[in-house]
Amino acid sequence: MENLMDKRQITARVTKLTWERIWLHLEVKVTFAQGADKDSKLSFYLVNGLYEAKAKLKVTAIEGDTYRLKINITNPGTGLCLPQGTYSMMICQKKRQMARAEIAESLVKEMSSASRNFLYGGRAKVYSVTFYVTEGDEGLPFIMYVLAGGRTGISAPVAHSKKGFHPKEELKKKYSRINKPLKVDMYWKYRKKYRHKSKKPVVMFMSEQSTSISTNLKAVKDRMIARGMDKDYLIVESYRSSVTNPRQGLKSWMDMLKKMAMSDFIFLDDHAPVLDWLILDKDTTLIQLWHAGAGFKSSGYSRWGHIGCPAPYSCHRQYKYGISGSKNIAHFFSEVWGINDSQVLPTGMPRIDEFLDEDYRRKKTKELYEKYPMCKDKKVILFAPTYRGTNKANAHYPYELIDFRRLYELCGDEYVVLFKMHPWVASEVPIADKYKDRFADVGRYPNINDLFYITELLITDYSSNIFEYSLMKKPMLFFAFDEIQYSFSRGFHRAYEESAPGKVCHTFDEVLHAIADKDFDYPKVEEYVEKHFDYIDSHASDRVIDWIILGQLPDSIKKDLAADAAVNKELEALDFKPVQN
């Protein structure tokens, strides 16, 4: 690469540094010398101490002489975290080095506070991004230092005693350390033995979160069979609840690993912890059919640095594709999984195929009125919030915030209320006998989507159930009593009140007033549907099958995938080594 930096045709200064979750946003003021080329495109790279370009920053806007840039430090486009190293920002034009970015003097004092530590691994490890200025350099060069580190033994020495030594616990730790390598070895032995044993391509449907098939997995599998594809493909399945019951037996492991080893395609419905440490053969295509349509809660890498976030390398990094409802919202999912936007295919959610089927809707509506006769000739309010807590073991909901008496009185002869709590909330809704003619706990009803058919008003909070319900084109209320705390501990991947498709209430009193006044901010529902759905039909499962299994990706998606691949190829080819005189 030709180096024209000494000619100083371009100078650049970073004038602003801000963070948005895992996104680093920068503003760079570019000054062109007289006679310099102001028309050709500028490219901005992060270059490490070995003169290797490890990331190309995205230009989001150009306003006069100011360039707005951003980079996702958990995935700068490579599907991995920005590697450890000391980085400078290099500005290029037509494959020529034009300038090394400096820090504006006004920003120097803010650089320390702009640095970030992202804790992970039970808060025992850290990914650190530090900005600083070195002594002795000419000017104030922009320098960004990235480090991945772990907890150090700096506590005072403690004498160990037999009382504090637990042989069984130590043995479990030792077994855990050796168990994973043995399972990895088992997978590769099975891969060698069974990879080509089946004359048909093998499609696996797999869950490590549930012991039965459901939602998107079921929809795609059933559609494959309906299309007669089980004649040309071998379909295998594995459903375990290893997240809540990690002590799975040897037979269970052998069965799952064998099926994974023989598979050409593996469809997941959620995070699979086994794939955090077991790296699949490159010829196996892993696809995430996550159930969440598009809620607000941050998950995966979107909440990096929060308790329960993934490690720098995890199951998510192995997805070749994930799916979403539209191209507009693909970036929410790519951020969660640490993959590129182009890998998130806007097929729509397969489970909605059945939801939009009119025959199914008529059948379920009839069944629901028979099961819950109190709902006939009434307007149904469905109260369906997400859980509070960090996992299934401690999931709960603060029922004391619900004023059952006033809600009952408000219902009058117009409304009845169905309470559908998150499946992880074990405690039943405390409905007094005197309220049971208007209130019902429907927590055990298997499919919340069916309940939407008879619902007139949905009350939720941060749940993704708004995705399907929005297609009913009916109002919603959001009871976000803990919005500030939830935002801090869990995090949102978009502005909550701005994007919630309905009125947001922070007290139950506000909820009651909104119902009484029919104040639902309904126009936001129509805006939500327009943004979140590329297709409103019953063919999402067909698109998953055609695009992924049959390889019939639309040309526009192929183009996007090729563009991302070209950027990574470009980074590998760039050489920023100084020219030797």
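It should be noted that the structure appears before, not after, this text.
Quick look at the structure, then.

Further remarks concern empty space enclosed by the protein. Considering all chains together, one arrives at 1 cavity of 30 Å³ or more under this definition. Of the pockets and cavities examined, the largest cavity occupies roughly 70 Å³. Going through the elements one at a time, helix H6 (352–355) and helix H15 (540–549) are the ones with two or more residues in the lining of the largest cavity. For the lining of the largest cavity, the class distribution of residues is 9 nonpolar, 1 polar and 3 charged.

Here H15 lies mainly inside the structure; 10 of its 10 residues are buried. Burial in H15 covers these residues: Ala-540, Ser-541, Asp-542, Arg-543, Val-544, Ile-545, Asp-546, Trp-547, Ile-548 and Ile-549. Gly-551 sits one or two positions beyond H15 and adopts a positive phi of about 70°.

The final tally for this structure, using the stated rule, is 35 salt bridges. The partner of Lys-94 in a salt bridge is Asp-37, with the nearest N and O atoms 3.9 Å apart. Note that Lys-94 is positioned in the loop between strand S8 (85–93) and strand S9 (96–100) and Asp-37 in the loop between strand S3 (23–32) and strand S4 (42–47), a separation of 57 residues in sequence. Of the charged contacts, one joins Asp-542 and Arg-227 as a salt bridge, the two residues approaching to 3.0 Å between their closest N and O atoms. Placement of Asp-542 in helix H15 and of Arg-227 in the loop between helix H3 (215–226) and strand S15 (234–239) is noted, with a sequence separation of 315 residues between them. Put simply, Arg-223, Arg-227, Asp-542 and Asp-546 are held in one network by salt bridges that share partners.

The rules behind these values
Residues numbered from 1 in each chain as written. Predicted model: local features only at pLDDT ≥ 70, side-chain atom pairs only at ≥ 80, totals over all residues. Heavy atoms only, no water. 1 Å grid on protein atoms, 1.4 Å probe; cavity = no way out; pocket = protein on both sides within 12 Å on 5 of 7 lines; lining within 4 Å. Points joined across faces, edges and corners; volume = space filled by probe spheres on them. Helix = DSSP H or I, 4+ residues; strand = E, 2+ residues; numbered from the N terminus. Nonpolar A, V, L, I, M, F, W, Y, C, P; charged D, E, K, R; others polar. Buried < 20%, exposed > 50% of the residue type's maximum accessible area, 1.4 Å probe, protein only. Salt bridge = Lys/Arg side-chain N within 4 Å of Asp/Glu carboxyl O.

That's the geometry; what it means functionally is another story.
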